[in-house]
Amino acid sequence: MGFLYYGNNSYAVEIDDRPLAHLKIVLLSLLRAGKSAAFCFDRSTDIGSGRETLWISPTTEIRFRFNGNRAPRINEQWLKVIAATADASTGLRLVAEPVEIPILLRSAG
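What this report covers is the structure whose coordinates are included nearby. (Residues numbered from 1 in each chain as written. Predicted model: local features only at pLDDT ≥ 70, side-chain atom pairs only at ≥ 80, totals over all residues. Heavy atoms only, no water.)

Description of helix α1 (residues 17-32)
Helical geometry: 3.6 residues make up each α-helical turn, so side chains three or four residues apart lie on a common side. If you check α1, its first and last C-alpha atoms are 22 Å apart, about what 16 residues at 1.5 Å a residue would give, namely 22 Å. Of the positions making up α1, those classed as buried are D17, P19, L20, A21, H22, L23, V26, L27, L30 and L31. Taken together, the buried residues of α1 touch β1 (2-6), β2 (11-15), β3 (37-42), β4 (51-56), β5 (62-65) and α2 (76-85). After α1 finishes, the residue G34 shows a positive phi value of roughly 80°. (Helix = DSSP H or I, 4+ residues; strand = E, 2+ residues; numbered from the N terminus. Expected span 1.5 Å × (residues − 1). Buried < 20%, exposed > 50% of the residue type's maximum accessible area, 1.4 Å probe, protein only. Contact = heavy atoms within 4.5 Å.)

Describing the side chain of E52
Take E52: it is sitting in strand β4. A polar side-chain atom of E52 sits 2.8 Å from a polar atom in the side chain of Y11. Beyond its immediate sequence surroundings of up to four residues, E52 is in contact with Y11, F39, C40, F41 and R43. (Polar contact = N/O pair within 3.5 Å; in protein donor to acceptor, adjacent residues only side chain to side chain.)

Comments concerning the sheet that holds β1
Spatial ordering of the open sheet is given by β2-β1-β5, a layout of three strands whose pairing is antiparallel. Here the strands that pair on one side only, and so sit at the sheet edges, are β2 and β5. The mean angle between the axes of side-by-side strands here comes to 20°, regardless of whether they run parallel or antiparallel. Judged from the five bridges that link them, β1 and β2 form a sheet pairing that is antiparallel. Residue pairing for β2: G2 is matched across the bridge by I15. Each of β1, β2 and β5 touches α1; the most contacted strand, β5, lies at about 155° to it. (Pairing = 2+ DSSP bridges. Axes fitted to C-alpha atoms, helices over the stretch in contact; angles between N-to-C directions.)

Observations regarding the packing of α1 against α2
In contact at an axis separation of 9 Å, α1 and α2 are set at 60° when each is read in the N-to-C sense. Taken together, α1 and α2 sit at an angle that is classed as oblique. In this structure, α1 crosses over α2, and the sense of that crossing is right-handed. For the pair α1 and α2, the contacting residues are R18, P19, H22, I25 and V26 in the first and W78, L79, I82 and A83 in the second. Its residues assigned to classes, the contact of α1 with α2 shows seven nonpolar, one polar and one charged. (Parallel < 35°, antiparallel > 145°, perpendicular 65-115°, else oblique. Left-handed = near helix turned anticlockwise from the far one by under 90°. Nonpolar A, V, L, I, M, F, W, Y, C, P; charged D, E, K, R; others polar.)

Overview of the nonpolar core
If you look at the biggest cluster of nonpolar residues, it comprises 21 residues, and the most contacted ones within it are L4, I15, L23, F39, L54, I56 and L92. The set of elements that each furnish at least two residues to this core consists of β1, β2, α1, β3, β4 and α2. Looking at which element gives the most residues to this core, the answer is α1, with six residues. Aside from chain neighbours lying at most four places away, what touches F39 is L4, I15, L23, E52, T53, L54, I56, L92 and L94. (Core = buried A, V, L, I, M, F, W, Y, C linked by side-chain atoms within 4.5 Å.)

What follows is the structure, given as structure tokens:
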């Protein structure tokens, strides 16, 4: 389990390392482009359940901490699906990872 730390007081959102790695790429891409996003997520029952939204802008202090030592393999399709949620009225969300479809190479002949 990793953490997304938000704001000056380092509010922590616990997220599994693999989805967190994908969220990091999407968020940093948005922020580099000068865009903001409302990151929406479900709270675990350990902390009272419900839903929460964090407004993340280029001036927001965020930090990512991963529990594992190795960076996971990145699923490009998942990045696209997560990034597409940033423009939805429901806000940027971590969605289920789509199954990667391998590109089949045809032999010339």
